[in-house]
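# Geometric and topological summary
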Amino acid sequence: MRVVRTAEEMRALCRAAKARSGCLGFVPTMGALHAGHLSLVRAARTKSAVVAASIFVNPAQFGPEEDYTRYPRNLERDCGLFENEGVELVFAPEAGEMYREDSASWVIVDGLSDRLCGRSRPGHFRGVATVVAKLFHIVEPDVAFFGQKDAAQVAIIGRMVRDLKFALAIEVCPIVREPDGLALSSRNAYLGPAERKAALVLFRSLERARGLFEGGERNSFELMQAARHEFLVEPAVRLDYFEVVDPDSLEPQPEISKKTLVAVAAYIGCTRLIDNILLEP
Ligand code: PAF
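Cut-offs and rules
Residues numbered from 1 in each chain as written. Predicted model: local features only at pLDDT ≥ 70, side-chain atom pairs only at ≥ 80, totals over all residues. Heavy atoms only, no water. 1 Å grid on protein atoms, 1.4 Å probe; cavity = no way out; pocket = protein on both sides within 12 Å on 5 of 7 lines; lining within 4 Å. Points joined across faces, edges and corners; volume = space filled by probe spheres on them. Helix = DSSP H or I, 4+ residues; strand = E, 2+ residues; numbered from the N terminus. Axes fitted to C-alpha atoms, helices over the stretch in contact; angles between N-to-C directions. Parallel < 35°, antiparallel > 145°, perpendicular 65-115°, else oblique. Left-handed = near helix turned anticlockwise from the far one by under 90°. Contact = heavy atoms within 4.5 Å. Nonpolar A, V, L, I, M, F, W, Y, C, P; charged D, E, K, R; others polar. Pairing = 2+ DSSP bridges. Salt bridge = Lys/Arg side-chain N within 4 Å of Asp/Glu carboxyl O. Buried < 20%, exposed > 50% of the residue type's maximum accessible area, 1.4 Å probe, protein only. Core = buried A, V, L, I, M, F, W, Y, C linked by side-chain atoms within 4.5 Å. Phe/Tyr/Trp six-rings, centres within 6.5 Å; stacked < 30°, edge-to-face > 60°.

## As for the layout of surface pockets
Volume-wise, the largest pocket comes out at about 1000 Å³. Surrounding the largest pocket, 47 residues form its lining, M30, Y71, K149, D150 and R187 being those nearest its centre. Within the residue set of the lining of the largest pocket, elements represented by two or more residues are β2 (24-29), α2 (35-47), α6 (124-139), β5 (143-147) and β9 (271-279). Here the lining of the largest pocket takes five residues from α6, the largest share from any one element.

## Focus on the packing of helix α9 (residues 200-214) against helix α10 (residues 220-232)
Taken N-terminus to C-terminus, the directions of α9 and α10 make an angle of 150°; their axes are 8 Å apart at the nearest point. What the angle tells us is that α9 and α10 run roughly antiparallel. As for the relative orientation of α9 and α10, their crossing is right-handed in sense. Two secondary-structure elements touch here, α9 through V201, L202, R204, S205, R208, A209, L212 and F213 and α10 through E222, L223, A226, A227, E230 and F231. Its residues assigned to classes, the contact of α9 with α10 comprises nine nonpolar, one polar and four charged.

## Thoughts on the sheet that holds strand β3 (residues 50-55)
Read across the sheet, six strands follow the order β1-β4-β3-β2-β5-β6 without closing on themselves; strand pairing throughout is parallel. Since the sheet does not close on itself, it has two edges, and those belong to β1 (2-4) and β6 (169-173), each with one partner. Neighbour to neighbour, the strand axes of the sheet diverge by 25° on average, direction disregarded. In the packing of helix α1 (residues 7-21) onto the sheet, contacts are made with β1, β2, β3 and β4 (89-91), and the angle to β4 comes to roughly 155°.

## Observations regarding the pattern of salt bridges
Here the structure, examined in full by the defined rule, presents 22 salt bridges. The residue K258 makes a salt bridge to D246 at a minimum N-O spacing of 2.6 Å. Pair noted here: K258 is in the loop between β7 (237-245) and β8 (260-268) and D246 is in the loop between β7 and β8, with a separation of 12 residues, a long-range link. A relative accessible area of 42% means that K258 is categorised as partly exposed. Among the ionic contacts, a cluster of salt bridges with common partners joins R204, R208, E230 and E234.

## Re the sheet that holds β7
Adjacent strands of a sheet pair through backbone hydrogen bonds, lying either parallel or antiparallel. Reading across from one edge, β7-β8-β9 is the order of the three strands in this open sheet, with antiparallel pairing throughout. Across the chains shown, the open sheet's two edge strands, defined by having one partner strand only, are β7 and β9. Pairs of neighbouring strands in the sheet enclose a mean axial angle of 15°, with direction left out of account. The pairing of β8 with β9 spans nine bridges and is antiparallel. What sits directly across from V264, in β9, is D275. Taken strand by strand, α9 contacts β7, β8 and β9, and its axis lies near 20° from that of β9.

## Observations regarding the nonpolar core
Of all hydrophobic cores here, the largest spans 48 residues; its most connected members are M10, M98, L116, V132, F136, M160 and L250. Per element, the largest residue contribution to this core is 10 residues, and it comes from α6. In this structure M98 touches F56, F91, P93, V131, K134, L135 and I138, once residues within four positions along its chain are discounted. Among the nonpolar cores identified, the runner-up in size contains 25 residues, and L191, A199, F231 and L273 belong to it.

## A few points about the packing of aromatic side chains
Summed over the entire model, instances satisfying the criterion amount to seven aromatic pairs. Ring plane angle 75° and centroid distance 6.5 Å describe the contact between F26 and F136, whose orientation is recorded as edge-to-face. Pair noted here: F26 is in strand β2 and F136 is in helix α6, with a separation of 110 residues, a long-range link. The two residues F26 and F136 agree in class, both being buried. Centre to centre, the rings of F62 and Y71 are 5.8 Å apart; their planes meet at 75°, and the pair counts as edge-to-face. Taken individually, F62 and Y71 each receive the classification buried, so the pair is uniform in this respect.

## Observations concerning empty space enclosed by the protein
Across all of its chains, the model carries two cavities of 30 Å³ or more by this definition. Of the volumes computed, that of the largest cavity is approximately 60 Å³. Lining the largest cavity are K149, G181, L182, A183, S185, N188, A199, L202, F203, L273, I274 and D275. Every element with two or more residues in the lining of the largest cavity is listed here: α9 and β9. In terms of residues, the lining of the largest cavity owes the most to one element, β9, which gives three residues. When its residues are assigned to classes, the lining of the largest cavity shows seven nonpolar, three polar and two charged.

Here you go:
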């Protein structure tokens, strides 16, 4: 496995790997790897001949008050995990390699970027779309793998790929959960034992919505009411949003008459966690 620091070298190595082996799969990450990331690598290995990954804590997707500086970083550990999973190339640039000081170009996916997490994290999806576009230009993958956990990110990257005519396919992999239901996240590492327990309210609220849906309820407002109620009994957790939306446009969906995304975000102390489920009548 090669760890590459510059865009130029990464592009050359990816092109050579593609010429040699065929289909190139790509798993972009911010490091602090967990089993969710490794499931993306495994999916990439089954669907492509060579797997490239990136580890880059992207400053442009963090707000000024967010956790950019304290975001967990451990390149050596992450590279070991990638190597064990058969990743061939890891791109791990410094911030200056991705953003020159006079960098002036951004990718904005209008509308979608202001919904769900975009509403409480202004500029977040501009940062995500921009860095993912740069990574796609550098790696030139045939298939790129993203986790369903960040459902808004999936919608935004999908729209960007379609609108800007990137020549690649996007594969979305299911959320990986702890045995008690908590969705895996690099940010779970911030939680103390009491917070970890309180954080289960996200999963509980989604399960409550799923239960109502399975009992025949199709009115989104009823689902949201019941799910939000779960948060009233967990005062250590501050609900950011609980929404029922179209998974592609992220627009609110009053009736569940087709595939629907039920998404939640909440703060446990300073830690912001997200989770979601898809419902299909
Ligand atoms: O999902 C993530 O880890 C990040 O948002 C991504 C896609 C690697 C872009 O920085």
